[in-house]
Amino acid sequence: MKSDVEELMPRLLPVEFGASAEDLNLNGPPRNPQEYLRQVQLEASLCPEVVVAQIDPKKLKKKQTVNASVAGCQAAPMGFCPSLSWQQQQVSNFSDVRQSITKNRQHWSRQTLDDNVLMPKLTDEEGWKRFCLGEKVYLGTSSCDAESEPALDYNKVGFPPFLTIVSRLNQSTVLMVLEILISWFEERTFVPQLGRWLYALLACLEKPLLPEAHSSIRQLARRCAQLRSALESQEDEKLPALNLLICLVARYFEQNDLADQPE
């Protein structure tokens, strides 16, 4: 008796079969083309019409679903918003930096790293935090800048985003490290080490943006705006860096709804 599928769907390869289904051995090799086609038909008829996949949730990768929030940034307090000409100049400078990195990437990636530069593995989130921010910031013992160290120890103060380092990062790594640092930034304040790495990673981020990158940089701009709104003085040293990151996300990466609108 024909199945419902056979009744509704015409056969693309109509073949006359001399042997009955009982004479066919599905475990053995077909003896001729007609027997092969008959085996295929019999195997298909034995498959259930509905199949439920057995999925192990533990094996699924993190962040498979990307939720890109369309929420805007908090408006800058009076006197904290940069001028339009300042924003345009930063975008121009940033564009020059990106072009320089692209042009010289191959040269810098061939340079030998110092012996003390041990780059973390792609999936080592804690390792990347230590590498970029340094143990002092990572452990929360100090947020001091690298210049204040009498004897410079990059393991303690974080490795700067040297061209020899960032030129080795492919797009997957750039996006992964960017997501790691932005996630860290969500629950902590701004520090110079973070600013340098965010700028460098954005300079290496290729356009057009992937959905994951789109979501991450918008998250970054909103966090910068949130911290800016809490600043008490226009002389705060964090203000130029926060304004710069908001500007690059909004103006260069064309997230225009996040852009600062000068008074």
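Scoring rules and cut-offs
- Residues numbered from 1 in each chain as written.
- Predicted model: local features only at pLDDT ≥ 70, side-chain atom pairs only at ≥ 80, totals over all residues.
- Heavy atoms only, no water.
- UniProt positions renumbered as here; feature names shortened; annotations may be inferred.
- Helix = DSSP H or I, 4+ residues; strand = E, 2+ residues; numbered from the N terminus.
- Buried < 20%, exposed > 50% of the residue type's maximum accessible area, 1.4 Å probe, protein only.
- Contact = heavy atoms within 4.5 Å.
- Areas by Shrake-Rupley, 256 points an atom, 1.4 Å probe, with all protein chains shown as cover.
- Phe/Tyr/Trp six-rings, centres within 6.5 Å; stacked < 30°, edge-to-face > 60°.
- Lys NZ or Arg CZ within 6 Å of the ring centre and 35° of its normal.
- Core = buried A, V, L, I, M, F, W, Y, C linked by side-chain atoms within 4.5 Å.
- Axes fitted to C-alpha atoms, helices over the stretch in contact; angles between N-to-C directions.
- Parallel < 35°, antiparallel > 145°, perpendicular 65-115°, else oblique.
- Left-handed = near helix turned anticlockwise from the far one by under 90°.
- Nonpolar A, V, L, I, M, F, W, Y, C, P; charged D, E, K, R; others polar.
- Expected span 1.5 Å × (residues − 1).
- Arc of directions from axis to C-beta.
- Salt bridge = Lys/Arg side-chain N within 4 Å of Asp/Glu carboxyl O.

- Going by an unreviewed UniProt entry, the protein carries the name Gem-associated protein 2 and comes from Seriola dumerili.
- Turning to the protein, the UniProt annotation filed under Subunit (unreviewed entry) states: "Part of the core SMN complex."
- For the record of the protein, the UniProt heading Function (unreviewed entry) holds the text "The SMN complex catalyzes the assembly of small nuclear ribonucleoproteins (snRNPs), the building blocks of the spliceosome, and thereby plays an important role in the splicing of cellular pre-mRNAs."

1. Quick word on the overall build of the protein
Consideration 1: In terms of helices and strands, the protein carries 10 helices and 0 strands.
Consideration 2: The order of helices and strands in the protein, counted from the N terminus, is α-α-α-α-α-α-α-α-α-α.
Consideration 3: Within the span of the protein, comprising 263 residues, buried residues form 35% of the whole.
Consideration 4: Sequence separation of 24 or more characterises 72% of the internal contacts of the protein that already satisfy a separation of 6 or more.
Consideration 5: Counting every atom, the protein has about 16,700 Å² of accessible surface; 52% of that belongs to carbon and sulfur.

2. Here's the deal with the packing of aromatic side chains
For any pair of aromatic rings, geometry is given as the distance between the ring centres together with the angle between the planes.
Consideration 1: Scanning the model with the defined rule gives 10 aromatic pairs in all.
Consideration 2: For the ring pair Phe 131 and Phe 159, a centre distance of 4.7 Å and an interplane angle of 15 degrees mean the geometry is stacked. On the criterion of sequence distance, the pair formed by Phe 131 in helix 4 (residues 125-139) and Phe 159 in the loop between helix 5 (154-157) and helix 6 (163-166) is long-range, its members being 28 residues apart.
Consideration 3: Phe 131 sits in the buried class, given a relative accessible area of 5%.
Consideration 4: By relative accessible area, which is 3% here, Phe 159 ends up buried.
Consideration 5: On the basis of an interplanar angle of 65 degrees and a centroid distance of 6.1 Å, the ring pair of Phe 131 and Trp 197 is categorised as edge-to-face. With Phe 131 in helix 4 and Trp 197 in helix 8 (residues 192-204), the pair connects residues that are 66 residues apart, well separated along the chain. Assigned by exposure class, Phe 131 and Trp 197 land together as buried.
Consideration 6: The structure contains a cluster of three or more aromatic residues connected by ring pairs, namely Trp 128, Phe 131, Tyr 154, Phe 159, Phe 162 and Trp 197.
Consideration 7: Across from the ring centre of Tyr 252, 4.5 Å away, lies the NZ or CZ of Lys 207, which sits over that ring.

3. Focus on unusual backbone geometry
Consideration 1: That bond from Lys 207 to Pro 208 is cis: its omega, 0 degrees, falls within 30 degrees of zero.
Consideration 2: Within the element layout of this structure, Pro 208 appears in the loop between helix 8 and helix 9 (211-229).
Consideration 3: At Glu 254, a position not held by glycine, the phi torsion is positive, near 60 degrees.
Consideration 4: Along the chain, Glu 254 falls in the segment after helix 10 (238-252).

4. Remarks on the nonpolar core
Consideration 1: If you look at the biggest cluster of nonpolar residues, it comprises 58 residues, and the most contacted ones within it are Leu 181, Phe 185, Leu 194, Trp 197, Leu 202 and Leu 220.
Consideration 2: When residues of this core are traced back to their parent elements, those giving at least two are helix 3 (84-109), helix 4, helix 6, helix 7 (171-185), helix 8, helix 9 and helix 10.
Consideration 3: Among the elements that make up this core, the one with the highest residue count is helix 10 (10 residues).
Consideration 4: Not counting the four nearest positions on each side in its chain, Trp 197 is found in contact with Phe 131, Cys 132, Phe 159, Pro 160, Pro 161, Ile 165, Val 166, Leu 169 and Leu 181.

5. Remarks on the side chain of Arg 228
Consideration 1: Examined against the element boundaries, Arg 228 turns out to sit in helix 9.
Consideration 2: With residues near it in sequence (within four places) discarded, Arg 228 still touches Gln 74, Ala 75, Ala 76, Pro 77, Phe 80, Pro 82, Leu 239, Leu 242, Asn 243, Ile 246 and Asp 260.

6. A word on the environment of Phe 80
Consideration 1: Looking at the element boundaries, Phe 80 is found in the loop between helix 2 (33-46) and helix 3.
Consideration 2: Each C-alpha atom, one on Phe 80 and one on Asn 243, is 8.5 Å from the other, the two residues being 163 residues apart in sequence.

7. Some thoughts on the packing of helix 4 against helix 7
Think of two packed helices as two axes; the pair is described by the angle between the axes and how far apart they sit.
Consideration 1: Where helix 4 contacts helix 7, the two axes come as close as 9 Å, and the packing angle between them is 55 degrees. Taken together, the axis directions place helix 4 and helix 7 in an arrangement best described as oblique. Seen from above, helix 4 lies across helix 7 with right-handed handedness. Packed against helix 4, whose contacting residues are Glu 125, Trp 128, Lys 129, Cys 132, Leu 133 and Val 137, the element helix 7 presents Thr 173, Val 177, Ile 180, Leu 181 and Trp 184 at the interface.
Consideration 2: By residue class, the composition of the contact of helix 4 with helix 7 is 8 nonpolar, 1 polar and 2 charged.

8. Some words on helix 2
Consideration 1: With 14 residues, helix 2 ought to run about 20 Å at 1.5 Å a step, and its terminal C-alpha atoms sit 20 Å apart, in line with that.
Consideration 2: Here helix 2 has its buried residues at Glu 35, Arg 38, Gln 39 and Leu 42. For helix 2, the buried positions fall inside an angular range of 105 degrees around the axis, keeping them on one side.

9. Thoughts on the pattern of salt bridges
Consideration 1: Here the structure, examined in full by the defined rule, presents 5 salt bridges.
Consideration 2: Among the ionic pairs, Glu 135 bridges to Arg 130, the shortest N-O distance being 3.9 Å.

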